[in-house]
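# Structural features, examined
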Amino acid sequence: MTDQFPDRRPLPPGLHTPIMSLAWSRDGSTSLITVAGEIDMSNAHLLPELVEFLCQSPVPLIAVDLSAVRFLGAHGITALLQASKLVTSAGARLTLRDPSPFVLRVLGAAGVMPHLDLDGAPRPGGAAPTGVVLRLARPPPARTSADRLAGQRPHSPS
């Protein structure tokens, strides 16, 4: 880990590597948040809190670098969606920069990719972004025992 962050000071004896680290830097009009480690229920709240702080001053673009994220739990997904909503309501744009393959798989499996802006990130399976959102059709309503006895299909609610 010290190779990625050469300016990091060694941890005092008895302390371990943090579960997650957040680093913030500014590159012109872009604020860059670099996330490393695991985003889980113990620390996910820190990301939207930092984003909310950054939205207090006009920032047209906030990029979140997820290349060093090893784990992304449900709370982490929620944190990314909250951060995106905060930035959008502030009139700015949030992009996810270079998400790790694991993060891409989790976001894809959770079905939240259409709600997040990926900044030039490779898609799972190498598919290029198409701008097309696929939606799954609702399964047919379950038949009840009364329907089976009557030989009828259930009524679909509108």
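This text follows the structure it describes.
We now turn to the structure provided with this report. (Residues numbered from 1 in each chain as written. Predicted model: local features only at pLDDT ≥ 70, side-chain atom pairs only at ≥ 80, totals over all residues. Heavy atoms only, no water.)

### A closer look at the pairing of strand β3 (residues 61–72)
Buried residues dominate β3, accounting for nine of its 12 residues. Across nine bridges, the pairing between strand β2 (residues 30–39) and β3 is parallel. Its bridge partner lying in β3, Ile 33 is registered against Val 64. Following the chain from β2 across helix α1 (residues 46–54) to the adjacent parallel β3, one finds a crossover that is right-handed. In terms of strand pairing, β3 meets strand β4 (residues 93–97) through five bridges, oriented parallel. (Buried < 20%, exposed > 50% of the residue type's maximum accessible area, 1.4 Å probe, protein only. Helix = DSSP H or I, 4+ residues; strand = E, 2+ residues; numbered from the N terminus. Pairing = 2+ DSSP bridges. Right-handed = clockwise from strand over helix to strand, strands pointing away.)

### Remarks on the nonpolar core
By size, the foremost hydrophobic cluster in this structure holds 31 residues, and its most contacted members are Ile 33, Val 35, Leu 66, Leu 96 and Leu 107. Among all residues touching Leu 66, those that are not within four sequence positions of it are Val 35, Ile 39, Leu 80, Leu 96, Arg 97, Asp 98, Pro 99, Ser 100 and Val 103. (Core = buried A, V, L, I, M, F, W, Y, C linked by side-chain atoms within 4.5 Å. Contact = heavy atoms within 4.5 Å.)

### As for the packing of aromatic side chains
Two numbers describe a pair of aromatic rings. These are the distance of the centres and the angle of the planes. A complete count under the given rule lists one aromatic pair for this structure. Aromatic side chains Phe 71 and Phe 102 sit 6.3 Å apart centroid to centroid with 25° between the ring planes, which places their arrangement in the stacked category. Highlighted residues: Phe 71 in strand β3 and Phe 102 in helix α3 (residues 101–110), separated in sequence by 31 residues. What makes Phe 71 partly exposed here is its relative accessible area of 37%. (Phe/Tyr/Trp six-rings, centres within 6.5 Å; stacked < 30°, edge-to-face > 60°.)

### Points about the pattern of salt bridges
Inspection of every chain in the model, using the stated rule, returns three salt bridges. Residues Arg 70 and Glu 38 are paired through a salt bridge, measuring 3.7 Å at the closest nitrogen-oxygen approach. Of the two residues, Arg 70 sits in strand β3 while Glu 38 sits in strand β2, which places them 32 residues apart along the sequence. Taking the relative accessible area as the measure of exposure, Glu 38 reaches 29% and is therefore partly exposed. A salt bridge links Asp 119 to Arg 97; the shortest N-O distance between them is 3.4 Å. Taken together, the residues Asp 119 in strand β5 (residues 118–119) and Arg 97 in strand β4 connect sequence positions 22 residues apart. Note on Arg 97: relative accessible area 29%, which makes it partly exposed. (Salt bridge = Lys/Arg side-chain N within 4 Å of Asp/Glu carboxyl O.)

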